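Secondary and tertiary structure notes
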Amino acid sequence: MEPISRRRAIQLGGMGLAGVVVGGVGLAATWDGSSPPSPGGESFGMPAVFRSDGGVLDVTLEAAEGRHEVAGRTATTLAYNGTVPGPTLSLRPGDLLRIRLVNSLSEPTNLHTHGLLVSPEGNADNVFIHIEPGESFDYEYRLPDDQPPGLYWYHPHLHGLVADQLFAGMYGAIVVEDPVELPFTRERLLIVSDITFDGSRVRGASGMDRMMGREGELVLLNGRLSPVLSARPGERERWALLNACSSRFLSLRLDGQRLQLLGRDLGLGSDAEDVTEVFVPPGGRAHLAVTAAEGSSTLEAVPVDRGGPMMMGSRGDTDVAALATFDVGGPAADERVALPAAPAVRDLREATVDGRRELVFAMGRGMGMGPRGMSFTIDGRSFDHERVDQEVTFGSVEEWTIRNDSPMDHPFHLHVWPMQLIEENGRPAGSVTWLDVVNVPAGGRVTVRIAFDRHSGRSVYHCHILDHEDLGMMAVIRVV
Ligand code: C2O
Ligand code: CU
Ligand code: CU
């Protein structure tokens with residue numbers, strides 16, 4: 001196989017994430033044809049991509065149960081358009097996104113666009129919508145011109161069914177393309193999820209699973225088990241990685257390779273930082289630069305101790321999961337163009353704070369709300385869609401401290417309004433970090449600042465251990 005010229009490589013890399021994703025399988029085949037999948041591994045696949053054209057993307061997503069290819073087998077799962085993960089939606093800032101969601105499930109569902117800075121009202125990112133079986137709904141989202149390029153995602157958000165539906169296969173990526181050419185040989189989309197099978201069906205959750213937050217026995221990358229990714233020494237790749245697990249926390253390693261963290265969630269506010277381990281809570285994303293070094297490395301998810309209900313010890317999975325093999329060989333490439341400096345982003349540390357709030361996450365006994373009488377609350381209350389828990393004035397900047405009075409970590413997620421990390425357990429954040437999921441450690445506290453100057457309306461915040469969300473660890477915010 002003729003080695004690809006540097007110019008061609010840069011060109012392809014410069015097409016932006018989605019450009020390369022479109023090529024997905026085919027691209028990998030021509031690019032790295034010299035390295036066939038290793039035994040036991042699966043070649044690296046990609047879900048279909050729907051790209052916007054002329055500022056508009058019109059898609060139909062059908063949620064249905066069926067026999068699907070996942071984890072190297074055919075199994076009965078839920079899915080959007082018959083694939084796990086569902087199709088990738090590729091957009092540009094300012095685009096109009098229209099999704100017709102067809103509910104062919106036997107239960108209600110709806111849709112949430114996690115991380116998009118779009119309205120939570122009407123037929124936009126409105127999580128209060130119920131779409132009954134056999135019905136469909138037309139969503140319409142207008143992305144702002146300054147939606148940060150990066151990785152977002154969609155998943156169901158019908159309270160009580162979120163974890164079950166997502167765990168059974170309903171999730172997909174939303175990529176907002178970077179209009180600026182980036183100095184990478186190629187860009188990869190990595191969707192991490194987990195699942196457990198009972199025969200050829202997805203296993204349901206026990207009461208204990210829900211309380212702990214279920215973790216699947218299999219950890220998948222783009223719906224596959226341990227695919228092989230190939231590169232040449234010296235190549236530099238950009239990885240956009242999503243933790244689409246219902247409850248599993250990821251701590252990722254790629255020993256033997258140079259790994260740099262470029263940003264999280266809403267992106268690229270800090271300069272590249274060399275890392276050996278990358279922590280990604282459920283719902284979160286990480287943007288990484290990988291500089292390939294000769295040899296074979298394993299992308300591993302190492303155990304994370306996220307605590308557990310008292311008397312029950314820590315949560316279950318103590319195994320290392322091998323997510324992928326990264327095979328580096330062939331003639332060396334020289335892609336050492338300097339990484340671009342991080343774009344200047346808004347820093348609310350200098351803002352005037354109009355209000356301060358404290359939110360308390362807790363787990364209690366004997367209130368009969370969850371399995372085994374365990375309640376999952378925010379400020380002592382369980383979710384009620386008719387109650388407004390926080391009313392915020394449009395245009396204000398607020399500082400929120402989220403306190404975790406329980407013995408388990410809870411990843412705090414606020415819809416629509418991104419959060420700038422200010423302090424974690426009293427330690428000030430070093431750089432400007434914009435997140436939509438902030439992990440609040442067991443017994444700890446996290447302080448964030450939020451500018452409520454983009455959309456008004458009613459939406460939610462919750463624990464992104466989706467079993468906890470379904471058990472009531474969610475509340476309503478209204479910005480007026
Ligand atoms: Cu990714 Cu409210 O969720
Ligand atoms: Cu969300
Ligand atoms: Cu939680």
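Residues numbered from 1 in each chain as written. Chains lettered and ligands numbered in written order. Predicted model: local features only at pLDDT ≥ 70, side-chain atom pairs only at ≥ 80, totals over all residues. Heavy atoms only, no water.

For the rest of this paragraph, the subject is the overall build of the protein chain. Each helix and strand counted, the protein chain has five helices and 35 strands in total. Within the protein chain, the proportion of its 480 residues that are buried is 59%. (Helix = DSSP H or I, 4+ residues; strand = E, 2+ residues; numbered from the N terminus. Buried < 20%, exposed > 50% of the residue type's maximum accessible area, 1.4 Å probe, protein only.)

Reference values for coordination geometry: four tetrahedral donors around a metal ideally subtend 109.5 degrees, six octahedral donors ideally subtend 90 or 180 degrees. At the metal site, the copper ion (ligand 2) is ligated by His112 (NE2) and His413 (NE2), and these contacts range over 1.9 Å. On the criterion of sequence distance, the pair formed by histidine 112 in strand 7 (residues 112-114) and histidine 413 in strand 28 (residues 410-414) is long-range, its members being 301 residues apart. (Donors = N, O, S within 2.8 Å, 3.2 Å for Na, K, Ca; no water.)

Okay, the nonpolar core next. Formed by 58 residues in total, the largest nonpolar core has its most connected members in Ile99 and Leu111. The biggest single contributor to this core is strand 3 (residues 56-70), with five residues. If we ignore the near neighbours within four places in the chain, the residues touching leucine 111 are Leu61, Tyr80, Ile99, Leu101, Asp125, Tyr139, Tyr141, Tyr154 and His155. In terms of nonpolar packing, the next biggest core, distinct from the first, is built from 35 residues, Phe376, Val438, Val448 and Ile465 among them. (Core = buried A, V, L, I, M, F, W, Y, C linked by side-chain atoms within 4.5 Å. Contact = heavy atoms within 4.5 Å.)

All right, on to the sheet that holds strand 28 then. If you trace the five strands from one edge of the open sheet to the other, you get 26-35-34-28-32, paired in mixed fashion. One side of each edge strand has no neighbouring strand; the edge strands of this open sheet are strand 26 (390-392) and strand 32 (437-440). Across the sheet, the mean angle separating the axes of adjacent strands is 25° when strand polarity is ignored. Bridge analysis of strand 26 against strand 35 (residues 474-479) gives three bridges, and the strand direction is parallel. (Pairing = 2+ DSSP bridges. Axes fitted to C-alpha atoms, helices over the stretch in contact; angles between N-to-C directions.)

Scanning the model with the defined rule gives four cavities of 30 Å³ or more in all. As for the second largest cavity, its lining consists of 14 residues, of which Gly115, Leu414, His415, Val416 and Asp436 are closest to the centre. At the level of secondary structure, the elements contributing two or more residues to the lining of the second largest cavity comprise strand 7 and strand 28. Here the lining of the second largest cavity is built from residues that sort into seven nonpolar, five polar and two charged. (1 Å grid on protein atoms, 1.4 Å probe; cavity = no way out; pocket = protein on both sides within 12 Å on 5 of 7 lines; lining within 4 Å. Points joined across faces, edges and corners; volume = space filled by probe spheres on them. Nonpolar A, V, L, I, M, F, W, Y, C, P; charged D, E, K, R; others polar.)

What follows is about the side chain of glutamate 215. Examined against the element boundaries, glutamate 215 turns out to sit in the loop between helix 4 (207-212) and strand 14 (218-221). Side chain to side chain, glutamate 215 and arginine 306 meet in a polar contact 2.8 Å long. (Polar contact = N/O pair within 3.5 Å; in protein donor to acceptor, adjacent residues only side chain to side chain.)

When their charged atoms lie close together, side chains carrying opposite charge are able to pair. In total, this model carries 34 salt bridges according to the counting rule given. Where glutamate 358 meets arginine 403, a salt bridge forms, and the shortest distance between an N and an O atom there is 3.0 Å. Pair noted here: glutamate 358 is in strand 24 (residues 355-365) and arginine 403 is in strand 27 (residues 397-404), with a separation of 45 residues, a long-range link. Sharing partners across several salt bridges, the network here consists of Asp164, Arg210, Arg214 and Asp467. (Salt bridge = Lys/Arg side-chain N within 4 Å of Asp/Glu carboxyl O.)

Here we come to the packing of aromatic side chains. Per the stated rule, a full pass over the model turns up 10 aromatic pairs. On the basis of an interplanar angle of 5° and a centroid distance of 5.8 Å, the ring pair of tyrosine 139 and tyrosine 141 is categorised as stacked. Where tryptophan 400 meets tyrosine 461, the ring centres are 5.9 Å apart and the plane angle is 75°; that geometry is what we call edge-to-face. Taken together, the positions of tryptophan 400 in strand 27 and tyrosine 461 in strand 34 (residues 457-463) put the pair 61 residues apart, joining distant regions of the chain. Exposure remark for tryptophan 400: the relative accessible area of 0% places this residue in the buried category. Among the aromatic side chains, those forming a connected cluster through ring pairs are Phe361, Trp400, Phe412, Trp417, Phe452 and Tyr461. Its guanidinium or amino end placed over the ring of phenylalanine 167, arginine 214 lies 5.4 Å from that ring's centre, counting from NZ or CZ. Sitting over the ring of phenylalanine 128, arginine 458 keeps its end group 3.9 Å from the ring centre. (Phe/Tyr/Trp six-rings, centres within 6.5 Å; stacked < 30°, edge-to-face > 60°. Lys NZ or Arg CZ within 6 Å of the ring centre and 35° of its normal.)

Here we come to the sheet that holds strand 9 (residues 150-155). With mixed pairing, the five strands of this open sheet are ordered in space as 2-5-10-9-7. The outermost strands of the open sheet, each flanked by one partner alone, are strand 2 (49-51) and strand 7. Neighbour-to-neighbour, the strand axes of this sheet turn through a mean angle of 25°, independent of strand direction. Of the pairings in the sheet, the one linking strand 7 to strand 9 comprises three bridges and is antiparallel in character. In the sheet register, threonine 113 faces strand 9, and the bridge partner there is tyrosine 154.

Only His410 (ND1), Cys463 (SG) and His468 (ND1) from the protein reach the copper ion (ligand 3) as donors, at distances of 2.0 to 2.1 Å. One chain supplies every donor for the copper ion (ligand 3), spaced along it as H-x52-C-x4-H. Of the two residues, histidine 410 sits in strand 28 while cysteine 463 sits in strand 34, which places them 53 residues apart along the sequence. The pair histidine 410 / cysteine 463 is uniform in exposure class, with both members buried.

What follows covers the confidence of the model for the protein chain. Across the protein chain, the average pLDDT comes to 88, with 86% of residues at or above 70. Segment residues 1-44: pLDDT under 50, and 80 contacts once partners within four positions in sequence are set aside and those in other chains are kept. (pLDDT = per-residue confidence, 0-100.)

On to the environment of arginine 73. With respect to the secondary-structure elements, arginine 73 resides in strand 4 (residues 73-80). Separated by 151 residues in sequence, arginine 73 and arginine 224 place their C-alpha atoms 9.4 Å apart.

Before going further, it helps to examine the pairing of strand 20 (residues 277-280). Of the two faces of strand 20, the one holding Val278 and Val280 is buried and the one holding Glu277 and Phe279 is not buried anywhere. Where strand 17 (residues 250-253) and strand 20 come together, four bridges link them in antiparallel fashion. Directly across from serine 251, in strand 20, lies its bridge partner phenylalanine 279.

Time to look at the side chain of aspartate 347. Checked against the element boundaries, aspartate 347 lands in the loop between strand 23 (321-328) and strand 24. Excluding residues that lie within four positions of it along the chain, aspartate 347 makes contacts with Gln420 and Val432.

On to the environment of proline 87, then. Along the chain, the position of proline 87 falls in the loop between strand 4 and strand 5 (88-91). Taking C-alpha positions, proline 87 is 4.9 Å from alanine 48, a pair spaced 39 residues apart along the chain. In this structure proline 87 touches Pro47, Ala48, Phe50, Leu61, Tyr80, Asn81, Tyr154, Gly172 and Ala173, once residues within four positions along its chain are discounted.

Once that is clear, we can look at unusual backbone geometry. Following valine 84, the chain continues into proline 85 via a peptide bond in cis, with omega recorded as -5°. Backbone geometry at serine 226 places phi at a positive 45°, although glycine is not the residue there. Tracing the backbone through its elements, the reader meets serine 226 in the loop between strand 14 and strand 15 (227-231). Owing to a relative accessible area of 22%, serine 226 belongs among the partly exposed residues under this scheme. Phi at asparagine 425 takes a positive value of approximately 45°, unusual for a residue other than glycine. Inspection of the secondary structure puts asparagine 425 in the loop between strand 29 (419-424) and strand 30 (427-428).

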